[in-house]
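These are the residues of each chain, in order.
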Amino acid sequence: MDGYGPLADELPLATPSEAAAETWDAIIVGAGPGGSAAAIELARRGRKVILIDREDFPRDKSCGDGITRSGISQLKRLGILSALTDQQEVEGVRVHMRNRGHRDFRYEGEDDYGLVVPRLTLDDCLLRQARAEGAAFMPKCRADDLVTDERGTVTGVSAHMQDGTTVVLTGYMVIAADGAASRLAKAAGLRETPEQGYGTALRGYVDGCGDTPPLLEIMLPLTDVTDRYLLPSYGWAFPTGKGTANVGVGLFCRAFDTNVRTLFDQFLDVLRKDYPEYSGIQLSGTTLGAPLRFDFAPERAANSGLLLVGDAAGLISPFTGEGISFALESGVLAAQTTDRCLRTGAGPWVAADDYALLLGDRFAGYFTLGNRASRRYEFIWRVLDDTFESEKPVHNMLRRAVLVPEGTGNDVESAMLDDVSPLVRVPVMPLGDDLRDVGARLNRIVRTDWPFLTRMSFAGKRADMVAFRPSLLLLLTSYLGDVEAKRRRAAATALELAYLGFLAQSGIRGIEAAAVKADATANWGDKLGILTGDYLLAKAHEVGARHCPDLVPAILSAMASACEGRVSELRTAWQPDLTVEMRIAQMRQCMAAFFRLPCELGAMLAEKNDLLNALRDYGESLGLAYLLTEDELALDRPSGSTPFASDLSSGLFSVPFLKAAQGQTGGAAARAFISHRDPARFLAEISRTARHIKRQQLPEKYRDQAIEALSPVPRGGVAKSLSALAGYAVSRQVPKRRVL
């Protein structure tokens, strides 16, 4: 129902006496995005809901006003997007890294835009919608304390009206959306950060802007007044209309000897000096500040009878300050949990447990990383700074996980996970259940120590996704034998951990520099790659040894092969005279191991030893067909941005490049490179030639070898599916309908 409009204005406000006389399904404290989203969702489900807020509406609020693509999806769901059509649209996010230039992360696909909406407008629209859906509203009412029963279960709130009267509201659930300084979170003992440890933000509106880009611009990190020390901070500039913008700064904690007002003034000076489009800006109106809290933990987001949403739960990005989309989503989750428990007759303590689990599954990885970074920010900032220009997959993933968690188009994830489910003749649900379980296992393993890696695993991303890893392993066990779910899922988890560990270490640049006797000084990106790679490989061994020890030798053998292949690649880096045969041998030894291994493990788990060699050969040829095709496709992608392709910027030349370098037109460029070691010139010359090199059917050759290797496999579903996957490895085309 889209109820936004005059109807909301015609509805009477709830009076204290009327509100106190009711027993509410939900009492929602705070009518900002999180509270109003919860009220809309509950009222639509027929629940008796009251919203209270210490302010009357419309009212202003300190905020950057930026709504990301995930926020757009939530507003669409809530039915108010049509009321915001006249607001400023943005196409994505632009992140400026200190002394490193900027990167654009543009939204693509569904909901391919964001908005900048003043909170004066956004919050009023959401509240109107909540009232139009049937929620009661009582303004100028400040909730000061919780009401509990003899068991400690929250049963309501004690609040004060602006005229000094007290009102007690009772009901099944209290949803606290009362901001970072939440009185109710403090009363329940759910607030970890002391008030003196809060961060703080300050924003203002400026006019006099020039031609600003239609992007949410974020500047990371800011420095102190001496411009010598990095601060745990960020600045932003979001367009609000022609010639105007919302600008502000955020400081993670007050422990640093920096005044936020001084930081704000300094940031305005930086904008005027370093960004031509902001050279003439002037403040318009007053500035507003607000506290920031970064202590989110799922177990501190709920008590029996009390659910915290948005800023009250600490759901604020400690890297960019974004909080609107998190508030909207957590408000909807709180409402859905409350409604489900009311419908089933569960007690409020069940709702608290369910809500904490939902928040943990959705947010824990990202916000755990953020909470640590707000305390130990230097490591994360230095890694981001050091790898900001790198297209290595592990660096790309960290950058996106930290800076744009809502996702953008054309990212590494899409290159790693293809929806080839129409090619697979297996019921979706069993495979989907396996994938979700593997994803949950991976999240549990990495969340505590390396939480950003929860965004590097895609096993549970979509239930109908079938990738070459680890789904190929699960697919084979579904067809070839009755393998115990726990055992096959553990094997898939170990496989995924090993792959991610290799991927992390493949981003170590110091090794590449040493291979060509260049500057091999350790850097922050290398430290991240070494630490995360070692951790993941150790975990892969631990999981395998615990649940499927007979498979560990095969996993370790594949890892040894991959590492040996990597060493061979590095030893021959920047050698344009490397033979095509040698390059294919390296690929066979290196990344092809991760196509061969799942096939090998599948046969071993299903106890089909008679098919082991055939499936091993199939996997290796499948990998080569895929990798050779990937190298051709990579000619039109940023170097190093695709995890499977050769990394041209590191001198790991693909087959098309080698052919171009050794051909008649590439010979001169190759000789010049050998004489002068000028990689930039060599790549520029050869890139133009490589795009026109005739393929000589190499991918097709290995596709045919993969299909031929399947001859011992019984005819039927598995053989057809594996053949179809081999064809896809070269064509990259999936039929519109699932194969039957």
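Residues numbered from 1 in each chain as written. Predicted model: local features only at pLDDT ≥ 70, side-chain atom pairs only at ≥ 80, totals over all residues. Heavy atoms only, no water.

Enquirer: Honestly, the overall build of the protein in this entry has me stumped. Any pointers?
Expert: Broken down by element type, the protein carries 26 helices and 18 strands. Here the protein, with 740 residues, has 61% of them falling under the buried criterion. Expressed as a percentage of contacts within the protein between residues at least 6 apart in sequence, the contacts between residues at least 24 apart total 75%. As displayed, the protein offers around 29300 Å² of accessible surface, 49% of which is attributable to carbon and sulfur atoms. (Helix = DSSP H or I, 4+ residues; strand = E, 2+ residues; numbered from the N terminus. Buried < 20%, exposed > 50% of the residue type's maximum accessible area, 1.4 Å probe, protein only. Contact = heavy atoms within 4.5 Å. Areas by Shrake-Rupley, 256 points an atom, 1.4 Å probe, with all protein chains shown as cover.)

Enquirer: I tried to follow the pattern of salt bridges on my own but got confused; where do I start?
Expert: Pairing between side chains of opposite charge can happen when their charged atoms approach one another. Using the criterion set out here, one finds 31 salt bridges in the structure. Between R203 and D60 there is a salt bridge, with its nearest N and O atoms 3.1 Å apart. Separated by 143 residues along the polypeptide, R203 in strand 12 (residues 199-207) and D60 in the loop between strand 2 (49-52) and strand 3 (66-67) bring together distant segments of the chain. Note on R203: relative accessible area 1%, which makes it buried. Its salt-bridge partner being D385, residue R100 comes within 3.5 Å of it at the nearest N-O pair. Taken together, the positions of R100 in the loop between strand 5 (92-97) and strand 6 (101-106) and D385 in helix 10 (residues 377-386) put the pair 285 residues apart, joining distant regions of the chain. Accessibility expressed as a relative area gives 28% for R100, which makes it partly exposed. Linked by salt bridges that have partners in common, E41, R45, R47, R77, D339 and R343 make up one network. (Salt bridge = Lys/Arg side-chain N within 4 Å of Asp/Glu carboxyl O.)

Enquirer: What's the story with helix 21 (residues 612-633) in this structure? I'm lost.
Expert: An α-helical turn contains 3.6 residues, so a residue and the one three or four places further along point in the same direction. With 22 residues, helix 21 ought to run about 32 Å at 1.5 Å a step, and its terminal C-alpha atoms sit 31 Å apart, in line with that. With 18 of its 22 residues buried, helix 21 lies for the most part within the structure. (Expected span 1.5 Å × (residues − 1).)

Enquirer: Quick question: what am I supposed to make of the side chain of R59 here?
Expert: Within the secondary structure, R59 sits in the loop between strand 2 and strand 3. Sequence-distant contacts of R59, defined by excluding residues within four places in its chain, comprise G32, R119, L120 and D123.

Enquirer: For this particular structure, what's the right way to read the sheet that holds strand 15 (residues 244-251)?
Expert: Backbone-to-backbone hydrogen bonds join strands into a sheet, with any given pair of strands oriented parallel or antiparallel. Ordered by their spatial adjacency, 7 strands build an open sheet running 6-5-13-14-15-12-16, and the pairing between neighbours is mixed. Of all strands in the sheet, those bounded by a partner on one side alone are strand 6 and strand 16 (282-292). Strand-to-strand twist in this sheet, taken as the mean axis angle between neighbours without regard to direction, amounts to 20 degrees. (Pairing = 2+ DSSP bridges. Axes fitted to C-alpha atoms, helices over the stretch in contact; angles between N-to-C directions.)

Enquirer: What's the story with the confidence of the model for the protein in this structure? I'm lost.
Expert: Mean pLDDT over the protein works out to 82, with 79% of the residues at or above the 70 mark. Every residue in residues 408-417 is under pLDDT 50, and counting partners more than four places away or in other chains gives 35 contacts. Within the model, the stretch residues 512-520 combines pLDDT values under 50 with 14 contacts to residues more than four positions away or in other chains. (pLDDT = per-residue confidence, 0-100.)

Enquirer: Can you help me understand the environment of A504 in this one?
Expert: Within the fold, A504 resides in helix 15 (residues 485-505). Residue classification places A504 among the buried residues on the basis of a relative accessible area of 0%. Setting aside residues no more than four positions away along its own chain, A504 makes contact with V394, G529, T532 and G533.

Enquirer: Hey, could you run me through the packing of helix 18 (residues 552-571) against helix 19 (residues 580-589) in this one?
Expert: Two numbers describe a pair of packed helices, the interaxial angle and the distance between the axes. Running from amino to carboxyl end, helix 18 crosses helix 19 at an angle of 150 degrees, the nearest separation of the two axes being 7 Å. With respect to their mutual orientation, helix 18 and helix 19 come out roughly antiparallel. Of the residues in helix 19, those in contact with S561, A562, E564, G565, S568 and E569 of helix 18 are M582, R583, Q586 and Q589. Here the contact of helix 18 with helix 19 is composed, by residue class, of 2 nonpolar, 5 polar and 3 charged. (Parallel < 35°, antiparallel > 145°, perpendicular 65-115°, else oblique. Nonpolar A, V, L, I, M, F, W, Y, C, P; charged D, E, K, R; others polar.)

Enquirer: Is there a simple way to think about the packing of aromatic side chains in this case?
Expert: The relative placement of two aromatic rings is captured by the distance of their centres and the angle of their planes. Here the structure, examined in full by the defined rule, presents 7 aromatic pairs. For the pair Y499 and F594, a centre-to-centre distance of 5.5 Å together with 80 degrees between the ring planes defines the contact as edge-to-face. Pair noted here: Y499 is in helix 15 and F594 is in helix 20 (residues 593-605), with a separation of 95 residues, a long-range link. Across the pair, F594 and Y499 agree in class, each one buried. Connected via pairs of aromatic rings, a cluster forms that spans Y234, W236 and F238. (Phe/Tyr/Trp six-rings, centres within 6.5 Å; stacked < 30°, edge-to-face > 60°.)

Enquirer: Could you clarify how one ought to interpret the sheet that holds strand 4 (residues 88-90) in this entry?
Expert: Taking strand neighbours across the sheet as the criterion, the 3 strands line up as 3-7-4 in an open arrangement whose pairing is antiparallel. At either end of the open sheet lies a strand with only one pairing partner, and these are strand 3 and strand 4. Across 2 bridges, the pairing between strand 3 and strand 7 (residues 114-116) is antiparallel. When the bridges of strand 7 are listed, I67 appears paired with L115.

Enquirer: Quick question: what am I supposed to make of the nonpolar core here?
Expert: Looking at soluble globular proteins, one finds that nonpolar side chains tend to be buried together. Counting residues in each nonpolar core, the largest one holds 82 residues, and the members touching the most others are I50, I52, L75, L122, M138, V157 and Y355. The leading source of residues in this core is helix 8 (residues 324-344), at 8 residues. Not counting the four nearest positions on each side in its chain, V157 is found in contact with I27, V29, I52, A143, D145, L146, V147, V167, V168, L169, V174 and L184. L423, L597, L615 and A729 belong to the second largest nonpolar core, which has 76 residues in total. (Core = buried A, V, L, I, M, F, W, Y, C linked by side-chain atoms within 4.5 Å.)

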